[in-house]
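Chain and residue survey
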Amino acid sequence: MRAQPKASHFVDGAYLEDRAGAEIEVIYPATGEVIARVHEATPAVVERAIASAARAQAEWALVKPVERARILRRAADLIRERNRALSELETLDTGKPLQETLVADATSGADALEYFAGLVPAVTGETIPLGRDFVYTVREPLGVCVGIGAWNYPTQIACWKSAPALAMGNAMIFKPSEVTPLCALKVAEILVEAGLPAGLMNVVQGRGAVGASLITDPRVAKVSLTGSVPTGRKVYAAAAEGMRHVTMELGGKSPLIVFDDADVEDAVGGALLGNFYSSGQVCSNGTRVFVQKGIKERFLARLKERTEAIRLGDPMDEAVQMGPVVSAAQMEKVLAYVEAGKAEGARLVTGGARAGDGGYYIRPTVFADVTDTMAIAREEIFGPVMAVLDFEDENEVVTRANATEFGLSAGVFTRDLTRAHRLVGRLEAGSCWINAYNLAPVEAPFGGVKLSGVGRENSKAAIEHYSQIKSVYVGMGPVEAPY
Ligand code: NAD
């Protein structure tokens, strides 16, 4: 097996195996071969993870922020030094092309560690004068945090959750997606190598039930999920029972709006990035591309040309631009949407079929003349399928863009500065782009509104989601009791 980890779990500073847990096969999406096997965490493994996290967190909260930061920064350096090996593992885990993973996964994880390391020593409270008395505030860690990941960005998600959590003095127990269980183990290993005390970063494997068992433990203070809306509903409800903090990074069906005056090449580039990066398996993708009628034919002509030039193939070949989707199940789901698009009368511009018969490859697919009621315009597909819709004017497109239960992202391409900002002000989305798409630097808050989630990852905003404020009233004079 090409990517077998040392053991299934990483708990209390070391790899840990327990073969009593059900087996999970790790499949390389480019070939369908089994590249590793891990075991689901048994209740004993979960208990060890939570107990060690609770023990270690109590000590970690007492470490000076600048010392916590030094460890995280060292981990960021180690990740960058090992970027190639980590990127190859990411490619084996997900099937995403090396051309992407070399620049978007471990490196983005390192950015998060570096960013929160830099930020945390500057986090302070405030003093509120009250005449003779005063109040001061302290930002304290939450305690033991649980992170649950989706399969599309296993390294990045593990880092985006653990970096702010650890920086603020929390412990993290991360459960990767059962589809891509390998990368998070390396993140934990590197953090410990960088000096992180045992127990602060644990990785336990398993399907949904393992995630569910973590959330309801009374020692857990917070859960951060990256996943689908149906899972989000369950996890949010389970967290509510214990009044736990939550961050929910869920799905989307985001609009990308192209006005007549847009630069065609840029708009087509944005639409390609917003639909075909990672074989379309990106939560913030702009999968409803609204194109104003005056630019439609030019836009579609260039879109078809550039889509057909995409190099699909072996993700380990650095010249390849698109790999397979993550699993056979995901491929079947995406192909069913392609058939639904054809059946509902959308015009297939290019693609629309599986490629080859070994791995889970789907040709990048563009539908034009899509209408708002078609399934491909309403539901999250999570694959390389772009729906192009026509529109006439600004008011109409804003109404239609917002007519969805999701609200993760939105984009607008126009040369009209005031229109761009006016439109963004009206779009119901947590992350918006003007004349760009799908860039998610750690400096910027990331997250959704409506069913796409609650809370924000990255940026200064994440600090608030991994800490709580204590308010301390200090009485400086005699206590005036009326009794
Ligand atoms: P999923 O919802 O099927 O699974 C997500 C994770 O939740 C997995 O680790 C799974 O094991 C776990 N899980 C399932 N049921 C659970 C339960 N009852 N309790 C606790 N944990 C449970 O999602 P997926 O198919 O892995 O990922 C695709 C989805 O994730 C898409 O909807 C996509 O939009 C979304 N996503 C969102 C973001 C974001 O930042 N907003 C990023 C990436 C992916």
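Residues numbered from 1 in each chain as written. Predicted model: local features only at pLDDT ≥ 70, side-chain atom pairs only at ≥ 80, totals over all residues. Heavy atoms only, no water.

This part is about the site of the ligand. As a structural note, the neighbourhood of the ligand is formed by 29 residues, with Gly149, Glu178, Ser228, Thr231 and Glu380 the closest of them. Across the complex, the protein chains shield 87% of the 860 Å² of accessible surface that the ligand would expose by itself. Of all the elements, helix H8 (residues 208-215) adds the most residues to the shell around the ligand, at 4 residues. The residue inventory of the shell around the ligand, partitioned by class, reads 13 nonpolar, 10 polar and 6 charged. (Near = heavy atom within 4 Å. Areas by Shrake-Rupley, 256 points an atom, 1.4 Å probe, with all protein chains shown as cover. Helix = DSSP H or I, 4+ residues; strand = E, 2+ residues; numbered from the N terminus. Nonpolar A, V, L, I, M, F, W, Y, C, P; charged D, E, K, R; others polar.)

What follows is about the sheet that holds strand E5 (residues 127-130). Strand order across the open sheet formed by 3 strands is E5-E6-E22, with antiparallel pairing between neighbours. The two strands at the open ends of the sheet, each matched to only one other strand, are E5 and strand E22 (467-474). In this sheet, neighbouring strand axes are inclined to one another by 20 degrees on average, regardless of whether the strands run parallel or antiparallel. With 4 bridges connecting them, E5 and strand E6 (residues 133-141) associate as antiparallel partners. Note on E6: the bridge partner recorded for Leu130 is Asp133. (Pairing = 2+ DSSP bridges. Axes fitted to C-alpha atoms, helices over the stretch in contact; angles between N-to-C directions.)

The next thing to look at is the UniProt feature "active site" (unreviewed entry) in the protein. Mapped onto this numbering, the UniProt entry annotates "active site" (unreviewed entry) at Lys161, Glu249, Cys283 and Glu457. Note on placement: Glu249 falls in strand E11 (residues 245-249). Excluding residues that lie within four positions of it along the chain, Glu249 makes contacts with Leu225, Thr226, Gly227, Leu408, Phe446, Gly447, Gly448, Ser452, Gly455, Arg456 and Glu457. By the element assignment, Glu457 lies in the loop between strand E21 (453-454) and helix H16 (459-465). Judged by its relative accessible area of 6%, Glu457 falls in the buried class. Here Glu457 is in contact with Trp160, Lys161, Ser224, Thr226, Thr247, Glu249, Ala444, Pro445, Phe446 and Ala462, once residues within four sequence places are set aside. Polar contacts involving the side chain of Glu457 include one to the side chain of Lys161, which spans 3.1 Å. (UniProt positions renumbered as here; feature names shortened; annotations may be inferred. Contact = heavy atoms within 4.5 Å. Buried < 20%, exposed > 50% of the residue type's maximum accessible area, 1.4 Å probe, protein only. Polar contact = N/O pair within 3.5 Å; in protein donor to acceptor, adjacent residues only side chain to side chain.)

Mapped onto the secondary structure, Asn458 falls in the loop between E21 and H16. Not counting the four nearest positions on each side in its chain, Asn458 is found in contact with Phe116, Trp160, Ala440, Pro441, Val442, Ala444 and Pro445.

Applying the stated criterion to the full structure yields 6 aromatic pairs. Centre to centre, the rings of Tyr115 and Phe116 are 5.0 Å apart; their planes meet at 90 degrees, and the pair counts as edge-to-face. Judged by relative accessible area, which is 0%, Phe116 ranks as buried. Between the aromatic rings of Trp160 and Phe446, the centroid separation amounts to 6.0 Å while the plane-to-plane angle is 65 degrees, which identifies the pairing as edge-to-face. One end of the pair, Trp160, is in helix H6 (residues 154-167); the other, Phe446, is in the loop between strand E20 (431-434) and E21, and 286 residues separate them in sequence. Assessed through its relative accessible area of 7%, Trp160 is described here as buried. Residue Phe446 is classed as buried on the basis of its relative accessible area of 8%. Above the face of the Tyr153 ring, Lys96 is positioned so that its terminal group lies 3.5 Å from the ring centre. Here the guanidinium or amino end of Lys222 rests over the ring plane of Tyr466, the centre of that ring lying 4.4 Å away. (Phe/Tyr/Trp six-rings, centres within 6.5 Å; stacked < 30°, edge-to-face > 60°. Lys NZ or Arg CZ within 6 Å of the ring centre and 35° of its normal.)

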